[in-house]
Amino acid sequence: MARTPAVTALLDRQRRRESTARTYARSFPIVPVRAAGMVIEGADGRKYLDCLSGAGTLALGHNHPVVTEAIRRVLDSGAPLHVLDLGTFEKDAFTTELLETLPPGLAAGCKIHFCGPAGTDAVEAALKLTRIATGRDNVLAFTGAYHGMTAGALAVSSNVDVRATLGPSALEVSRLPYPYAYRCPFGIGGDMGAETGARYVETLLTDSHSGLLPPAAMILEAVQGEGGAIPAPDDWLREMRRLTTEHGIPLVVDEVQTGVGRTGAFWAVEHSGITPDVMVLSKAIGGSLPLAVIVYREELDGWAPGAHTGTFRGNQLAMAAGTATLRQVRADGLAARADEVGARLLRDLRALRERHPCLGDVRGRGLMIGLEVVDPHGEADALGARPPAPDLALEIRRQCLERGLIVELGGRRDTVVRLLPPLIITDEQVEAVLARLADAVGAAERAGLPA
Ligand SMILES: Cc1ncc(COP(=O)(O)O)c(C=O)c1O
(Lines give C-alpha, C1' and ligand atoms only; values in the text may rest on other atoms or scores of the structure.)
Protein backbone atom coordinates (compact mmCIF):
# COMPACT_ATOMS: atom_id res chain seq x y z
CA MET A 1 0.00 0.00 0.00
CA ALA A 2 1.57 3.32 -1.07
CA ARG A 3 2.02 5.78 1.78
CA THR A 4 2.94 9.45 1.71
CA PRO A 5 6.22 10.41 3.43
CA ALA A 6 4.28 12.31 6.14
CA VAL A 7 2.19 9.23 6.94
CA THR A 8 5.25 6.98 6.99
CA ALA A 9 7.06 9.40 9.31
CA LEU A 10 4.08 9.66 11.68
CA LEU A 11 3.67 5.89 11.87
CA ASP A 12 7.40 5.50 12.55
CA ARG A 13 7.21 8.04 15.38
CA GLN A 14 4.19 6.25 16.80
CA ARG A 15 6.00 2.91 16.70
CA ARG A 16 9.01 4.36 18.53
CA ARG A 17 7.08 6.34 21.16
CA GLU A 18 4.05 4.23 22.02
CA SER A 19 3.96 1.11 24.10
CA THR A 20 4.30 -2.43 22.81
CA ALA A 21 0.83 -3.03 24.28
CA ARG A 22 -0.79 -0.90 21.53
CA THR A 23 -3.29 -2.92 19.55
CA TYR A 24 -5.35 -1.62 16.62
CA ALA A 25 -2.46 0.63 15.61
CA ARG A 26 -0.50 -2.52 14.75
CA SER A 27 -3.22 -3.98 12.54
CA PHE A 28 -4.24 -0.82 10.71
CA PRO A 29 -1.42 1.47 9.55
CA ILE A 30 -3.90 4.27 8.84
CA VAL A 31 -3.78 7.89 9.92
CA PRO A 32 -7.45 8.88 9.94
CA VAL A 33 -8.16 12.51 9.10
CA ARG A 34 -11.87 12.55 8.26
CA ALA A 35 -14.82 10.23 8.74
CA ALA A 36 -18.51 10.23 7.99
CA GLY A 37 -20.97 7.40 8.42
CA MET A 38 -19.20 4.18 7.57
CA VAL A 39 -16.31 5.77 5.71
CA ILE A 40 -12.93 6.73 7.14
CA GLU A 41 -10.47 8.73 5.08
CA GLY A 42 -6.77 8.33 5.73
CA ALA A 43 -4.14 11.09 5.47
CA ASP A 44 -2.95 9.42 2.27
CA GLY A 45 -6.35 10.12 0.69
CA ARG A 46 -7.51 6.48 0.77
CA LYS A 47 -11.05 5.72 1.89
CA TYR A 48 -12.03 2.70 3.95
CA LEU A 49 -15.33 1.05 4.81
CA ASP A 50 -15.22 0.73 8.57
CA CYS A 51 -16.53 -2.62 9.79
CA LEU A 52 -14.90 -2.14 13.18
CA SER A 53 -16.85 0.98 14.24
CA GLY A 54 -14.66 1.82 17.22
CA ALA A 55 -14.85 -1.79 18.46
CA GLY A 56 -18.63 -1.79 18.12
CA THR A 57 -19.15 1.69 19.54
CA LEU A 58 -20.45 3.67 16.59
CA ALA A 59 -24.09 2.68 16.24
CA LEU A 60 -24.68 5.72 14.00
CA GLY A 61 -21.30 5.57 12.31
CA HIS A 62 -18.79 8.39 12.43
CA ASN A 63 -19.88 11.99 12.99
CA HIS A 64 -23.61 11.48 12.57
CA PRO A 65 -25.25 14.94 12.33
CA VAL A 66 -27.46 14.36 15.40
CA VAL A 67 -24.34 13.55 17.42
CA THR A 68 -22.21 16.46 16.22
CA GLU A 69 -25.16 18.86 16.68
CA ALA A 70 -25.70 17.65 20.25
CA ILE A 71 -22.01 18.16 21.04
CA ARG A 72 -22.04 21.64 19.46
CA ARG A 73 -25.16 22.59 21.40
CA VAL A 74 -23.47 21.80 24.73
CA LEU A 75 -20.27 23.59 23.73
CA ASP A 76 -22.18 26.69 22.62
CA SER A 77 -24.30 26.74 25.78
CA GLY A 78 -21.41 27.58 28.09
CA ALA A 79 -22.36 24.71 30.40
CA PRO A 80 -19.46 23.28 32.44
CA LEU A 81 -17.89 20.28 30.76
CA HIS A 82 -16.61 18.80 34.00
CA VAL A 83 -19.16 18.36 36.77
CA LEU A 84 -18.06 15.23 38.66
CA ASP A 85 -21.36 13.42 39.33
CA LEU A 86 -23.51 16.49 39.92
CA GLY A 87 -27.02 16.62 38.52
CA THR A 88 -27.31 18.43 35.18
CA PHE A 89 -30.01 18.76 32.53
CA GLU A 90 -27.81 16.73 30.15
CA LYS A 91 -27.56 13.88 32.63
CA ASP A 92 -31.26 14.06 33.44
CA ALA A 93 -32.19 13.86 29.74
CA PHE A 94 -29.77 10.98 29.16
CA THR A 95 -31.13 9.04 32.14
CA THR A 96 -34.74 9.55 31.03
CA GLU A 97 -33.94 8.43 27.48
CA LEU A 98 -31.98 5.38 28.69
CA LEU A 99 -34.72 4.27 31.08
CA GLU A 100 -37.22 4.43 28.19
CA THR A 101 -35.20 1.82 26.32
CA LEU A 102 -34.61 -0.69 29.13
CA PRO A 103 -36.47 -3.98 29.53
CA PRO A 104 -39.67 -2.90 31.37
CA GLY A 105 -39.09 -5.39 34.19
CA LEU A 106 -35.82 -3.68 35.06
CA ALA A 107 -36.88 -0.09 34.29
CA ALA A 108 -39.83 -0.44 36.66
CA GLY A 109 -37.63 -0.54 39.76
CA CYS A 110 -34.00 0.23 39.05
CA LYS A 111 -31.12 2.48 40.00
CA ILE A 112 -28.46 3.81 37.70
CA HIS A 113 -24.84 4.41 38.63
CA PHE A 114 -22.57 6.51 36.42
CA CYS A 115 -19.12 4.94 36.36
CA GLY A 116 -15.66 5.89 35.16
CA PRO A 117 -16.00 6.27 31.42
CA ALA A 118 -14.96 2.81 30.14
CA GLY A 119 -16.87 -0.45 29.97
CA THR A 120 -14.30 -2.11 32.20
CA ASP A 121 -15.06 0.29 35.08
CA ALA A 122 -18.77 -0.45 34.80
CA VAL A 123 -17.92 -4.17 35.03
CA GLU A 124 -15.89 -3.45 38.18
CA ALA A 125 -18.87 -1.56 39.58
CA ALA A 126 -21.22 -4.48 38.85
CA LEU A 127 -18.89 -6.96 40.55
CA LYS A 128 -18.49 -4.70 43.57
CA LEU A 129 -22.22 -3.99 43.84
CA THR A 130 -23.19 -7.66 43.79
CA ARG A 131 -20.43 -8.73 46.17
CA ILE A 132 -21.53 -6.09 48.67
CA ALA A 133 -25.22 -6.90 48.22
CA THR A 134 -24.77 -10.65 48.70
CA GLY A 135 -21.85 -10.65 51.12
CA ARG A 136 -20.27 -13.32 48.90
CA ASP A 137 -17.02 -13.33 46.93
CA ASN A 138 -17.16 -15.97 44.25
CA VAL A 139 -18.24 -14.87 40.76
CA LEU A 140 -19.48 -17.17 37.98
CA ALA A 141 -18.07 -16.31 34.56
CA PHE A 142 -17.85 -18.08 31.22
CA THR A 143 -15.31 -19.48 28.82
CA GLY A 144 -14.87 -17.12 25.86
CA ALA A 145 -15.93 -14.09 27.91
CA TYR A 146 -14.47 -10.62 27.56
CA HIS A 147 -15.35 -7.96 30.11
CA GLY A 148 -12.40 -5.57 30.10
CA MET A 149 -8.83 -5.04 31.20
CA THR A 150 -8.93 -3.80 34.80
CA ALA A 151 -8.24 -6.38 37.51
CA GLY A 152 -11.76 -7.63 38.28
CA ALA A 153 -12.99 -7.41 34.70
CA LEU A 154 -9.92 -9.28 33.51
CA ALA A 155 -10.44 -11.95 36.17
CA VAL A 156 -13.89 -12.72 34.75
CA SER A 157 -12.54 -12.58 31.17
CA SER A 158 -11.15 -15.65 29.50
CA ASN A 159 -8.15 -14.90 27.31
CA VAL A 160 -5.42 -17.01 28.91
CA ASP A 161 -2.54 -15.23 27.10
CA VAL A 162 -3.46 -11.90 28.69
CA ARG A 163 -4.16 -13.35 32.14
CA ALA A 164 -1.26 -15.81 32.35
CA THR A 165 1.48 -13.22 32.91
CA LEU A 166 -0.28 -11.66 35.90
CA GLY A 167 -0.43 -14.41 38.48
CA PRO A 168 -3.47 -15.13 40.62
CA SER A 169 -6.32 -12.64 40.68
CA ALA A 170 -7.75 -11.18 43.89
CA LEU A 171 -11.24 -12.09 42.71
CA GLU A 172 -12.48 -15.63 43.13
CA VAL A 173 -13.96 -16.78 39.82
CA SER A 174 -15.56 -20.08 38.86
CA ARG A 175 -15.47 -20.68 35.12
CA LEU A 176 -18.43 -22.22 33.34
CA PRO A 177 -18.77 -23.45 29.74
CA TYR A 178 -20.41 -20.98 27.31
CA PRO A 179 -22.36 -22.61 24.46
CA TYR A 180 -20.14 -22.66 21.37
CA ALA A 181 -21.71 -25.00 18.84
CA TYR A 182 -18.80 -24.99 16.38
CA ARG A 183 -16.21 -26.02 18.97
CA CYS A 184 -18.54 -27.45 21.58
CA PRO A 185 -16.82 -27.88 24.97
CA PHE A 186 -18.70 -31.18 25.38
CA GLY A 187 -18.06 -32.43 21.85
CA ILE A 188 -21.81 -32.52 21.25
CA GLY A 189 -22.69 -29.29 19.40
CA GLY A 190 -26.09 -27.88 18.48
CA ASP A 191 -28.91 -27.40 20.98
CA MET A 192 -27.80 -30.50 22.90
CA GLY A 193 -24.40 -28.96 23.58
CA ALA A 194 -26.03 -25.87 25.09
CA GLU A 195 -28.49 -27.99 27.08
CA THR A 196 -25.64 -30.08 28.47
CA GLY A 197 -23.85 -26.89 29.55
CA ALA A 198 -26.97 -25.65 31.34
CA ARG A 199 -27.35 -29.03 33.04
CA TYR A 200 -23.74 -28.85 34.21
CA VAL A 201 -24.33 -25.39 35.71
CA GLU A 202 -27.44 -26.70 37.45
CA THR A 203 -25.46 -29.59 38.90
CA LEU A 204 -22.78 -27.25 40.21
CA LEU A 205 -25.42 -25.17 41.95
CA THR A 206 -27.41 -28.04 43.43
CA ASP A 207 -24.81 -30.70 44.28
CA SER A 208 -23.73 -30.22 47.90
CA HIS A 209 -20.33 -31.64 46.89
CA SER A 210 -19.77 -29.66 43.68
CA GLY A 211 -17.14 -27.58 45.45
CA LEU A 212 -18.79 -24.34 44.37
CA LEU A 213 -19.18 -21.69 47.06
CA PRO A 214 -22.39 -19.64 46.92
CA PRO A 215 -21.74 -17.06 44.19
CA ALA A 216 -22.07 -13.28 44.43
CA ALA A 217 -23.05 -13.02 40.76
CA MET A 218 -23.13 -14.66 37.38
CA ILE A 219 -21.77 -12.41 34.62
CA LEU A 220 -22.31 -13.14 30.93
CA GLU A 221 -22.65 -11.67 27.44
CA ALA A 222 -25.79 -12.62 25.48
CA VAL A 223 -23.62 -12.62 22.37
CA GLN A 224 -19.92 -12.96 23.03
CA GLY A 225 -18.07 -10.31 21.07
CA GLU A 226 -14.32 -10.59 21.59
CA GLY A 227 -14.84 -14.32 22.20
CA GLY A 228 -15.63 -14.64 18.48
CA ALA A 229 -19.18 -13.38 17.75
CA ILE A 230 -20.88 -16.28 19.50
CA PRO A 231 -24.59 -15.86 20.24
CA ALA A 232 -25.94 -17.84 23.19
CA PRO A 233 -29.17 -19.71 22.37
CA ASP A 234 -32.22 -17.96 23.85
CA ASP A 235 -33.24 -21.13 25.71
CA TRP A 236 -29.84 -21.34 27.34
CA LEU A 237 -30.11 -17.72 28.51
CA ARG A 238 -33.55 -18.44 29.93
CA GLU A 239 -32.04 -21.40 31.78
CA MET A 240 -29.30 -19.18 33.24
CA ARG A 241 -32.02 -16.76 34.36
CA ARG A 242 -34.06 -19.56 35.93
CA LEU A 243 -31.07 -21.04 37.77
CA THR A 244 -29.78 -17.68 39.06
CA THR A 245 -33.26 -16.73 40.26
CA GLU A 246 -33.78 -20.08 41.99
CA HIS A 247 -30.41 -19.84 43.73
CA GLY A 248 -30.57 -16.14 44.64
CA ILE A 249 -27.64 -15.18 42.43
CA PRO A 250 -27.71 -11.73 40.81
CA LEU A 251 -27.49 -12.09 37.03
CA VAL A 252 -25.22 -9.46 35.48
CA VAL A 253 -25.56 -9.10 31.72
CA ASP A 254 -22.72 -7.24 30.06
CA GLU A 255 -24.32 -5.34 27.16
CA VAL A 256 -21.27 -3.13 26.58
CA GLN A 257 -20.89 -4.41 23.02
CA THR A 258 -24.32 -5.89 22.28
CA GLY A 259 -26.36 -2.84 23.29
CA VAL A 260 -28.16 -0.10 21.35
CA GLY A 261 -29.51 -2.16 18.47
CA ARG A 262 -26.32 -4.01 17.56
CA THR A 263 -27.80 -7.54 17.71
CA GLY A 264 -31.12 -6.68 16.06
CA ALA A 265 -32.94 -5.77 19.29
CA PHE A 266 -32.31 -2.63 21.32
CA TRP A 267 -30.74 -4.79 24.04
CA ALA A 268 -29.58 -8.33 23.33
CA VAL A 269 -31.52 -9.69 26.33
CA GLU A 270 -34.76 -8.83 24.52
CA HIS A 271 -34.29 -11.81 22.17
CA SER A 272 -34.70 -14.25 25.05
CA GLY A 273 -36.99 -12.01 27.09
CA ILE A 274 -34.92 -12.35 30.25
CA THR A 275 -34.66 -9.50 32.74
CA PRO A 276 -31.19 -9.23 34.26
CA ASP A 277 -30.59 -7.96 37.79
CA VAL A 278 -27.73 -5.78 36.56
CA MET A 279 -27.00 -4.46 33.08
CA VAL A 280 -23.55 -3.14 32.22
CA LEU A 281 -23.63 -0.50 29.49
CA SER A 282 -20.98 1.49 27.65
CA LYS A 283 -19.65 1.90 24.06
CA ALA A 284 -22.66 3.02 21.93
CA ILE A 285 -24.53 4.69 24.80
CA GLY A 286 -22.03 7.59 24.63
CA GLY A 287 -22.65 8.26 20.95
CA SER A 288 -18.91 7.80 20.21
CA LEU A 289 -17.69 9.52 23.39
CA PRO A 290 -16.70 7.72 26.64
CA LEU A 291 -19.61 6.89 28.92
CA ALA A 292 -20.40 3.88 31.11
CA VAL A 293 -23.17 3.03 33.53
CA ILE A 294 -24.67 0.13 35.38
CA VAL A 295 -28.43 -0.19 35.80
CA TYR A 296 -29.61 -2.58 38.50
CA ARG A 297 -32.57 -3.73 40.55
CA GLU A 298 -33.04 -1.25 43.38
CA GLU A 299 -32.98 -3.98 46.04
CA LEU A 300 -29.26 -4.38 45.28
CA ASP A 301 -28.60 -0.74 46.14
CA GLY A 302 -26.96 -1.48 49.47
CA TRP A 303 -23.54 0.02 48.89
CA ALA A 304 -22.36 3.09 50.76
CA PRO A 305 -21.98 6.62 49.38
CA GLY A 306 -18.65 6.79 47.55
CA ALA A 307 -18.45 2.99 47.17
CA HIS A 308 -17.69 3.36 43.47
CA THR A 309 -16.45 6.84 42.78
CA GLY A 310 -14.29 8.32 40.02
CA THR A 311 -13.32 11.74 38.65
CA PHE A 312 -14.70 11.32 35.15
CA ARG A 313 -18.30 10.29 35.69
CA GLY A 314 -19.95 13.41 34.36
CA ASN A 315 -18.97 13.73 30.71
CA GLN A 316 -21.58 16.20 29.49
CA LEU A 317 -20.62 15.91 25.84
CA ALA A 318 -20.94 12.11 25.98
CA MET A 319 -24.31 12.35 27.68
CA ALA A 320 -25.61 14.73 25.02
CA ALA A 321 -24.17 12.59 22.20
CA GLY A 322 -25.54 9.49 23.90
CA THR A 323 -29.05 10.90 24.32
CA ALA A 324 -29.08 11.85 20.63
CA THR A 325 -27.87 8.37 19.65
CA LEU A 326 -30.38 6.44 21.78
CA ARG A 327 -33.18 8.64 20.41
CA GLN A 328 -32.09 8.22 16.80
CA VAL A 329 -31.71 4.43 17.06
CA ARG A 330 -35.24 4.24 18.48
CA ALA A 331 -36.83 6.77 16.10
CA ASP A 332 -35.33 5.21 12.98
CA GLY A 333 -35.96 1.61 14.05
CA LEU A 334 -32.27 0.84 13.61
CA ALA A 335 -32.41 -2.34 15.70
CA ALA A 336 -34.86 -3.81 13.18
CA ARG A 337 -32.62 -2.59 10.38
CA ALA A 338 -29.63 -4.34 12.03
CA ASP A 339 -31.69 -7.51 12.21
CA GLU A 340 -32.60 -7.33 8.52
CA VAL A 341 -29.12 -6.42 7.26
CA GLY A 342 -27.52 -8.97 9.58
CA ALA A 343 -29.76 -11.75 8.22
CA ARG A 344 -28.79 -10.80 4.68
CA LEU A 345 -25.09 -10.69 5.51
CA LEU A 346 -25.29 -14.08 7.22
CA ARG A 347 -27.08 -15.60 4.21
CA ASP A 348 -24.55 -14.27 1.70
CA LEU A 349 -21.56 -15.09 3.89
CA ARG A 350 -22.82 -18.65 4.32
CA ALA A 351 -22.97 -18.88 0.53
CA LEU A 352 -19.37 -17.60 0.47
CA ARG A 353 -18.39 -20.33 2.92
CA GLU A 354 -19.61 -22.93 0.41
CA ARG A 355 -16.97 -21.67 -2.03
CA HIS A 356 -14.20 -21.21 0.55
CA PRO A 357 -13.56 -24.16 2.86
CA CYS A 358 -11.22 -21.98 4.95
CA LEU A 359 -14.38 -20.35 6.35
CA GLY A 360 -15.24 -23.00 8.89
CA ASP A 361 -18.19 -21.25 10.49
CA VAL A 362 -20.26 -18.15 9.79
CA ARG A 363 -22.39 -16.96 12.70
CA GLY A 364 -23.72 -13.99 14.57
CA ARG A 365 -26.76 -11.99 15.46
CA GLY A 366 -27.76 -8.68 13.89
CA LEU A 367 -24.67 -6.71 12.98
CA MET A 368 -22.34 -8.70 15.19
CA ILE A 369 -21.01 -11.29 12.76
CA GLY A 370 -18.01 -13.60 12.73
CA LEU A 371 -16.31 -15.83 10.17
CA GLU A 372 -14.15 -18.47 11.81
CA VAL A 373 -11.07 -19.17 9.70
CA VAL A 374 -9.78 -22.75 9.66
CA ASP A 375 -7.13 -24.80 7.93
CA PRO A 376 -9.11 -26.47 5.14
CA HIS A 377 -6.46 -29.22 4.89
CA GLY A 378 -6.37 -29.92 8.63
CA GLU A 379 -8.14 -32.89 10.12
CA ALA A 380 -11.75 -32.25 11.11
CA ASP A 381 -12.87 -33.15 14.63
CA ALA A 382 -15.91 -35.34 15.35
CA LEU A 383 -18.22 -32.36 14.82
CA GLY A 384 -16.56 -31.37 11.53
CA ALA A 385 -14.58 -28.37 12.85
CA ARG A 386 -11.11 -28.02 11.36
CA PRO A 387 -8.07 -26.60 13.21
CA PRO A 388 -7.84 -22.81 13.61
CA ALA A 389 -5.75 -20.96 11.00
CA PRO A 390 -4.43 -17.77 12.62
CA ASP A 391 -1.99 -16.90 9.79
CA LEU A 392 -4.72 -17.19 7.19
CA ALA A 393 -7.02 -14.99 9.30
CA LEU A 394 -4.25 -12.36 9.49
CA GLU A 395 -3.84 -12.51 5.74
CA ILE A 396 -7.59 -12.09 5.18
CA ARG A 397 -7.56 -8.99 7.38
CA ARG A 398 -4.57 -7.63 5.43
CA GLN A 399 -6.18 -8.35 2.09
CA CYS A 400 -9.37 -6.62 3.29
CA LEU A 401 -7.38 -3.52 4.21
CA GLU A 402 -5.73 -3.54 0.77
CA ARG A 403 -9.26 -3.39 -0.65
CA GLY A 404 -10.36 -0.54 1.60
CA LEU A 405 -12.21 -2.63 4.18
CA ILE A 406 -11.46 -2.50 7.88
CA VAL A 407 -12.24 -5.73 9.75
CA GLU A 408 -10.77 -6.92 13.05
CA LEU A 409 -9.97 -10.39 14.32
CA GLY A 410 -11.19 -11.92 17.55
CA GLY A 411 -12.08 -15.27 19.02
CA ARG A 412 -9.87 -18.21 19.83
CA ARG A 413 -6.32 -17.58 18.61
CA ASP A 414 -7.62 -14.51 16.76
CA THR A 415 -9.10 -16.61 13.98
CA VAL A 416 -12.53 -15.00 13.75
CA VAL A 417 -12.95 -12.20 11.21
CA ARG A 418 -15.44 -9.89 12.90
CA LEU A 419 -17.94 -7.62 11.18
CA LEU A 420 -19.32 -4.80 13.33
CA PRO A 421 -20.56 -2.23 10.82
CA PRO A 422 -22.57 0.77 12.01
CA LEU A 423 -26.34 0.29 12.06
CA ILE A 424 -26.70 2.96 9.37
CA ILE A 425 -24.86 0.85 6.77
CA THR A 426 -26.59 1.30 3.37
CA ASP A 427 -27.54 -1.48 0.97
CA GLU A 428 -24.77 -0.35 -1.40
CA GLN A 429 -22.25 -0.54 1.43
CA VAL A 430 -23.46 -4.05 2.28
CA GLU A 431 -22.75 -5.03 -1.35
CA ALA A 432 -19.32 -3.42 -1.20
CA VAL A 433 -18.43 -5.15 2.08
CA LEU A 434 -19.45 -8.53 0.69
CA ALA A 435 -17.58 -8.01 -2.59
CA ARG A 436 -14.36 -6.83 -0.91
CA LEU A 437 -14.47 -9.58 1.69
CA ALA A 438 -15.07 -12.30 -0.91
CA ASP A 439 -12.20 -10.95 -2.97
CA ALA A 440 -9.93 -10.78 0.09
CA VAL A 441 -10.70 -14.36 1.15
CA GLY A 442 -9.92 -15.61 -2.37
CA ALA A 443 -6.67 -13.66 -2.48
CA ALA A 444 -5.62 -14.90 0.97
CA GLU A 445 -6.29 -18.49 -0.05
CA ARG A 446 -4.31 -18.04 -3.26
CA ALA A 447 -1.41 -16.61 -1.27
CA GLY A 448 -1.23 -20.21 -0.03
CA LEU A 449 -0.15 -19.37 3.48
CA PRO A 450 0.50 -22.25 5.80
CA ALA A 451 -2.46 -22.64 8.11
C1 LIG B 1 -18.61 -7.17 26.42
C2 LIG B 1 -17.58 -6.17 26.81
N3 LIG B 1 -17.47 -5.79 28.09
C4 LIG B 1 -16.57 -4.90 28.49
C5 LIG B 1 -15.69 -4.32 27.59
C6 LIG B 1 -14.68 -3.35 28.08
O7 LIG B 1 -14.99 -2.05 27.63
P8 LIG B 1 -13.85 -0.95 27.58
O9 LIG B 1 -12.91 -1.35 26.48
O10 LIG B 1 -14.57 0.33 27.27
O11 LIG B 1 -13.20 -0.92 28.90
C12 LIG B 1 -15.76 -4.68 26.24
C13 LIG B 1 -14.83 -4.11 25.26
O14 LIG B 1 -14.71 -4.53 24.14
C15 LIG B 1 -16.73 -5.63 25.84
O16 LIG B 1 -16.82 -6.03 24.57
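Residues numbered from 1 in each chain as written. Predicted model: local features only at pLDDT ≥ 70, side-chain atom pairs only at ≥ 80, totals over all residues.

## Digging into unusual backbone geometry
Here the phi dihedral of alanine 55 falls at roughly 55°; this positive angle occurs in a residue that is not glycine. On the secondary structure map, alanine 55 appears in helix α3 (residues 53-56). Despite not being glycine, lysine 283 shows a phi value in the positive range, around 45°. Of note, lysine 283 is situated in the loop between β11 (278-281) and β12 (293-297). Judged by the 26 C-beta atoms lying within 10 Å of it, lysine 283 falls in the buried class. (Helix = DSSP H or I, 4+ residues; strand = E, 2+ residues; numbered from the N terminus. Buried ≥ 20, exposed ≤ 12 C-beta atoms within 10 Å, placed from the backbone.)

## Here we look at the sheet that holds strand β2 (residues 39-42)
Read across the sheet, four strands follow the order β1-β2-β3-β15 without closing on themselves; strand pairing throughout is mixed. Across the chains shown, the open sheet's two edge strands, defined by having one partner strand only, are β1 (32-36) and β15 (405-406). Across three bridges, the pairing between β2 and strand β3 (residues 47-50) is antiparallel. What sits directly across from glutamate 41, in β3, is lysine 47. (Pairing = 2+ DSSP bridges.)

## Re helix α4 (residues 65-77)
If you check α4, its first and last C-alpha atoms are 18 Å apart, about what 13 residues at 1.5 Å a residue would give, namely 18 Å. Restricting attention to buried positions, one finds in α4 the residues Val67, Ala70, Ile71 and Val74. Buried residues of α4, viewed axially, fall in a sector of 95°; they line one side. Exposed residues lying more than 90 degrees from the buried face of α4 are Pro65, Glu69, Arg72 and Asp76. Summarising the contacts, the buried residues of α4 are in contact with α5 (89-101) and α13 (316-331). (Expected span 1.5 Å × (residues − 1). Arc of directions from axis to C-beta. Contact = placed C-beta atoms within 7 Å.)

## Describing the packing of α4 against α13
Interaxial distance between α4 and α13 falls to 8 Å at its minimum, and their mutual angle equals 145°. Read as a crossing pair, α4 and α13 show a hand that is right-handed. Note on element contacts: α13 touches α4 through Gln316, Leu317, Ala320, Ala321, Thr323, Ala324, Thr325 and Gln328, opposite Val66, Val67, Ala70, Ile71, Arg73 and Val74. Of the residues that constitute the contact of α4 with α13, the class distribution is nine nonpolar, four polar and one charged. (Axes fitted to C-alpha atoms, helices over the stretch in contact; angles between N-to-C directions. Left-handed = near helix turned anticlockwise from the far one by under 90°. Nonpolar A, V, L, I, M, F, W, Y, C, P; charged D, E, K, R; others polar.)

## Overview of the site of the ligand
Near the ligand there are 15 residues, and of these Ala118, Gly119, Thr120, Gly148 and Val256 occur at the shortest range. Of all the elements, helix α7 (residues 119-134) adds the most residues to the shell around the ligand, at three residues. Considered class by class, the residues forming the shell around the ligand number five nonpolar, seven polar and three charged. (Near = placed C-beta within 6 Å.)

## Describing the pairing of β12
With four of its five residues buried, β12 lies for the most part within the structure. Of the pairings in the sheet, the one linking strand β4 (residues 110-114) to β12 comprises five bridges and is antiparallel in character. Bridge assignment links cysteine 110 to a residue of β12, and that residue is arginine 297. Alignment of β11 against β12, held across four bridges, turns out to be antiparallel. When the bridges of β12 are listed, valine 278 appears paired with tyrosine 296.

## Looking at the pairing of strand β13 (residues 359-365)
The buried fraction of β13 amounts to seven of the seven residues, a majority that puts the element mostly inside the structure. As defined by bridge partners, β13 adjoins strand β14 (residues 368-373) across six bridges and the pair is classed as antiparallel. The residue of β14 that forms the bridge with leucine 359 is valine 373. Hairpin remark: β13 followed by β14, antiparallel, with two residues in the connecting loop; positive phi at glycine 366, about 60°.

## Considering the domain arrangement of the protein
Its domain assignment divides the protein into domain 1 (5-63 + 334-446) and domain 2 (66-331). On a C-alpha basis, the centres of domain 1 and domain 2 stand 25 Å from each other. Residue-level contacts link 32 residues of domain 1 with 30 residues of domain 2. At the level of secondary structure, the elements contributing two or more residues to the side of domain 1 that touches domain 2 comprise α3, α14 (334-355), β13, β14 and β17 (416-419). In terms of residue class, the side of domain 1 that touches domain 2 is built from 14 nonpolar, 11 polar and seven charged. (Domains from an automatic or database assignment.)

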